[in-house]
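Coordinate analysis (summary)
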Amino acid sequence: RASGTKSTVKTYFSPNAYFMPDSAYSFSHESSFMELKPHTFYQPVLKKVLLGNNPSISAPSTAVQLPMEVGIKIPVDKTLENRWFLTRTKSNGRESAIDSRVSSGWVYGETKGVGSFQLRQDNTPPKVTPLGFSTNQTITQKQMKWHVVEVLTELKDYDLFIDNQWHLLEFERKGNYLIFNTPKSLKGKKAVELVVSDQCGNKTVWKGTLSF
């Protein structure tokens, strides 16, 4: 070997044993399916796939660059129930809700993460608490805040109506606050209604009569 030259060792990744970054993959079962687009993975990843009621693919710590689609069938004896959603178990062992939809007895979700997936149910509406005021009070502060607690999924929608007129709200994720910047033009006694719903359609309505 000539002096100063370096040898290069090439590692061969078998497509039978590894997910290849430029390939698409689809796995289906009577109770679950998973679908991955090309370039989901950054590099070859060892193939680990489990189908069934709790499907899984690869390790939860595996880095991905594109979202994958997953679906789990609702058990036949529970198809009349609602409020279903999917979760993914992260590398720390905790479950994280996936934005989900229900169609024809299946629950579908898209997530930028791999690992194991579970079918869960949420029948608990968000908890809404006004901060620093209550009904039949006079509002003098420039901002009105409500603290919102949603444990299992995420907030999907929130609407504020004052005398049936819609007003813009801001959501501060750090602390989970809904914020209304009180306009100077708002004067007099008003009927206030705040409607908050989560991803599963559970809804909470806060109502009050406030003077501005």
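Up top is the structure.
Residues numbered from 1 in each chain as written. Predicted model: local features only at pLDDT ≥ 70, side-chain atom pairs only at ≥ 80, totals over all residues. Heavy atoms only, no water.

Moving on: the sheet that holds strand β13 (residues 127-131). The strand order across the open sheet built from four strands is β13-β14-β18-β17, with neighbouring strands paired in antiparallel fashion. The sheet is open, and its two borders are formed by β13 and β17 (170-172), each paired with just one other strand. Each strand axis lies, on average, 25° off the axis of its neighbour in the sheet, ignoring direction. In this sheet, strand β14 (residues 143-149) lies alongside β13 in antiparallel orientation, the contact comprising five bridges. Bridge pairing in β14 links Lys127 to Val149. (Pairing = 2+ DSSP bridges. Helix = DSSP H or I, 4+ residues; strand = E, 2+ residues; numbered from the N terminus. Axes fitted to C-alpha atoms, helices over the stretch in contact; angles between N-to-C directions.)

A separate point is the environment of Phe85. As for its placement among the helices and strands, Phe85 is situated in strand β8 (residues 84-89). Assessed through its relative accessible area of 3%, Phe85 is described here as buried. When the C-alpha positions of Phe85 and Leu155 are compared, they lie 13 Å apart, and in sequence the two are 70 residues distant. Discounting residues that sit within four places of it in the chain, Phe85 has contacts with Ala97, Ser100, Val107, Gln118, Leu119, Arg120, Gln121, Asp122, Leu152, Thr153 and Cys200. (Buried < 20%, exposed > 50% of the residue type's maximum accessible area, 1.4 Å probe, protein only. Contact = heavy atoms within 4.5 Å.)

Right, let's get into the environment of Gly52. Along the chain, Gly52 turns up in the loop between β5 (49-50) and β6 (56-57). On the basis of relative accessible area, Gly52 is assigned to the buried category, the value being 10%.

On to the nonpolar core, then. Core analysis: the largest hydrophobic core is formed by 21 residues, its most contacted members being Phe19, Phe41, Ile57, Met68, Leu86 and Phe117. Secondary-structure elements contributing two or more residues to this core are β2 (25-28), β3 (32-36), β7 (68-73), β8 and β12 (115-121). Broken down by element, this core gets its largest block of residues, three residues, from β7. Excluding residues within four positions of it along the chain, Phe41 makes contact with Phe19, Pro21, Leu36, Thr62, Ala63, Val64, Gln65 and Val114. (Core = buried A, V, L, I, M, F, W, Y, C linked by side-chain atoms within 4.5 Å.)

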